[in-house]
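# Inside the fold
So the chains spell out like this:
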Amino acid sequence: MPELKSLDEIIRTRRASSDFDGSPIPDADLKKILDAGREAPSGYNIQPWRFIVVRDPGQRKKLRGAAFAQQKVEDASVVIVACAALKAWQQGDLELVIELGIKEGFVKAEGADGMRQAVEGALSAPPGDVCGWGPDWGVWGNRQVMIAFTHMMLMAEALGYDTAPMEGFVESQVKQVLEIPQQDVRVVALLGVGKLKGQDKAYGGRFPMEHTVFENSWGGKVSF
Ligand SMILES: Cc1cc2nc3c(=O)[nH]c(=O)nc-3n(C[C@H](O)[C@H](O)[C@H](O)COP(=O)(O)O)c2cc1C
């Protein structure tokens with residue numbers, strides 16, 4: 001097995017790539033990338049992500065049309081469309097999470113009812129301030145899915161691939177192309193994975209620490 005790039009190196013050298021050579025990705029690598037997404041943490045372990053792996057050239061062409069004609073949608077080895085299934089927990093997934101927890105020893109059989117009540121209570125909280133629950137399901141879904149998305153992006157980079165995160169798409173059109181349900185599912189982001197063609201673009205730079213990191217309260221100056 002080839003050695004994986006270190007996390008430190010990935011963070012220093014990863015670029016959002018624009019040009020891919022279109023070479024196919026072996027199933028074994030794709031599986032590792034998807035497994036990295038599946039292993040992500042989520043609130044109550046609800047795992048509301050759904051990933052659509054798009055390799056078919058016809059589908060990629062249509063998907064590109066829903067993504068502001070970005071060439072990389074067709075040229076990457078694969079595009080993973082990361083979605084949030086916002087109500088899956090009410091449609092059976094909560095029970096599956098409890099069963100899984102019992103099987104793995106994380107939940108005791110006698111604790112199942114307590115867990116069910118806790119999760120249902122929290123996720124059915126009235127509109128308000130509770131961690132963005134209530135009406136703000138878009139924030140909730142985004143919060144969970146982007147961690148899984150980032151796991152996949154970093155695993156792809158660790159395996160020696162280049163990656164392209166994308167928010168440039170029309171959600172309704174992506175839904176139409178990929179037959180994603182209109183209700184209760186959001187398309188969060190697209191991830192192109194492949195081998196770079198030519199040179200990556202230059203580093204765009206980042207704000208200095210004091211611009212984006214605060215200490216103790218908003219605007220508080222960091223002490224290092
Ligand atoms: C959530 C997200 C969405 C993005 N959407 C697009 C996109 O649709 N098209 C594109 O060319 N780049 C897109 N990018 C890439 C950013 O422009 C890029 O990450 C940023 O300029 C910093 O460059 P770097 O990732 O190479 O360091 C996106 C990045 C993120 C994280």
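First things first, this report covers the structure right here in the doc. (Residues numbered from 1 in each chain as written. Predicted model: local features only at pLDDT ≥ 70, side-chain atom pairs only at ≥ 80, totals over all residues. Heavy atoms only, no water.)

## Let's talk about the site of the ligand
Filter applied, for reference: Residues are counted as near a molecule or strand when any one of their heavy atoms sits within 4 Å of it. Contacts described as polar in this section are N or O atom pairs within 3.5 Å, which, within protein, must combine one atom able to donate a hydrogen with one able to accept it, while residues neighboring in sequence count only if both atoms come from side chains. Each accessible area is a Shrake-Rupley estimate made with a 1.4 Å probe; only the visible protein chains count as cover when residues are assessed.
As a structural note, the neighbourhood of the ligand is formed by Arg14, Arg15, Ala16, Gln70, Lys72, Pro165, Met166, Glu167, Gly168, Lys201 and Arg206. A distance of 2.8 Å separates a nitrogen atom of the ligand from a polar side-chain atom of glutamine 70. Between proline 165 and the ligand, the recorded distance is 3.3 Å, taken from a backbone N or O atom to a nitrogen atom. In isolation the ligand exposes 620 Å². Once the protein is present, 63% of that is buried.

## Side note on the packing of aromatic side chains
Think of a pair of aromatic rings as described by two things: how far the centres are apart, and how the planes are tilted against each other in angle. Heads up, the condition is: Two rings belonging to Phe, Tyr or Trp (six-membered ring only in the last case) form a pair when the distance between their centres is within 6.5 Å. Interplanar angles under 30 degrees mark stacking, angles over 60 mark edge-to-face geometry, and anything in between is tilted. In DSSP terms, a helix is any run of H or I states spanning at least four residues, a strand is any run of E spanning at least two, and both are numbered starting from the N terminus. Each residue's exposure class comes from its accessible area (1.4 Å probe, protein chains only) as a fraction of the maximum for that residue type: buried when under 20%, exposed when over 50%, partly exposed otherwise. A ring is considered to have a charge above it if a Lys NZ or an Arg CZ atom is located within 6 Å of its centre and within 35 degrees of its normal.
Under the definition given, this model contains four aromatic pairs. Their ring planes at 75° and their centres at 5.1 Å tell us that tryptophan 137 and tryptophan 140 sit as a pair that is edge-to-face. Taken together, the residues tryptophan 137 and tryptophan 140, both in helix α7 (residues 137–158) and three residues apart, mark about one turn of the helix. Under the relative-accessibility criterion, tryptophan 137 is labelled buried at 13%. The class of tryptophan 140 is buried, set by a relative accessible area of 2%. Taken together, the ring pairs connect Trp89, Trp137 and Trp140 into an aromatic cluster. Looking at lysine 195, its charged tip hangs above the ring of tyrosine 161, at a distance of 4.5 Å from the centre.

## Some points on the side chain of aspartate 162
What counts, and what does not: Should any heavy atoms of two residues lie within 4.5 Å, those residues are counted as being in contact.
Mapped onto the elements of the fold, aspartate 162 is located in strand β3 (residues 162–166). Of the polar contacts made by the side chain of aspartate 162, one reaches the backbone nitrogen of leucine 196; its length is 2.9 Å. Apart from the residues within four sequence positions on either side, aspartate 162 is in contact with Ser17, Phe20, Glu157, Gly192, Val193, Gly194, Lys195, Leu196 and Asp200.

## As for a nonpolar patch on the surface
Cut-off, in case you're wondering: Each patch is built from salt-bridge-free residues with over 30% relative accessible area, joining like charges within 9 Å and nonpolar side chains (Val, Leu, Ile, Met, Phe, Trp, Tyr) within 5 Å. In the sections that follow, a salt bridge refers to a side-chain nitrogen of Lys or Arg positioned within 4 Å of a carboxyl oxygen of Asp or Glu.
A cluster of nonpolar side chains, contributed by Met209, Val213 and Phe224, occupies part of the molecular surface with about 310 Å² of accessible area. Its location among the elements puts methionine 209 in helix α9 (residues 209–212). According to the relative accessible area criterion, methionine 209 is partly exposed, its value standing at 37%.

## Side note on the nonpolar core
So the rule is basically this: Take the buried residues of types Ala, Val, Leu, Ile, Met, Phe, Trp, Tyr and Cys, join any two whose side-chain atoms come within 4.5 Å, and each joined set is a nonpolar core.
Grouped together as the largest cluster of nonpolar side chains are 36 residues, with contacts concentrated most on Ile33, Phe51, Ile80 and Val193. Listed by contribution, the elements that provide at least two residues to this core are α2 (27–38), β1 (49–54), β2 (78–85), α5 (93–104), α6 (112–123), α7 and β4 (185–194). The contact partners of isoleucine 80, leaving out residues within four places of it in the chain, are Leu30, Ile33, Leu34, Phe51, Ile52, Met152, Ala189, Leu190 and Leu191. Counting residues in hydrophobic clusters, the runner-up holds 20 residues, among them Val54, Phe169, Leu178 and Leu190.

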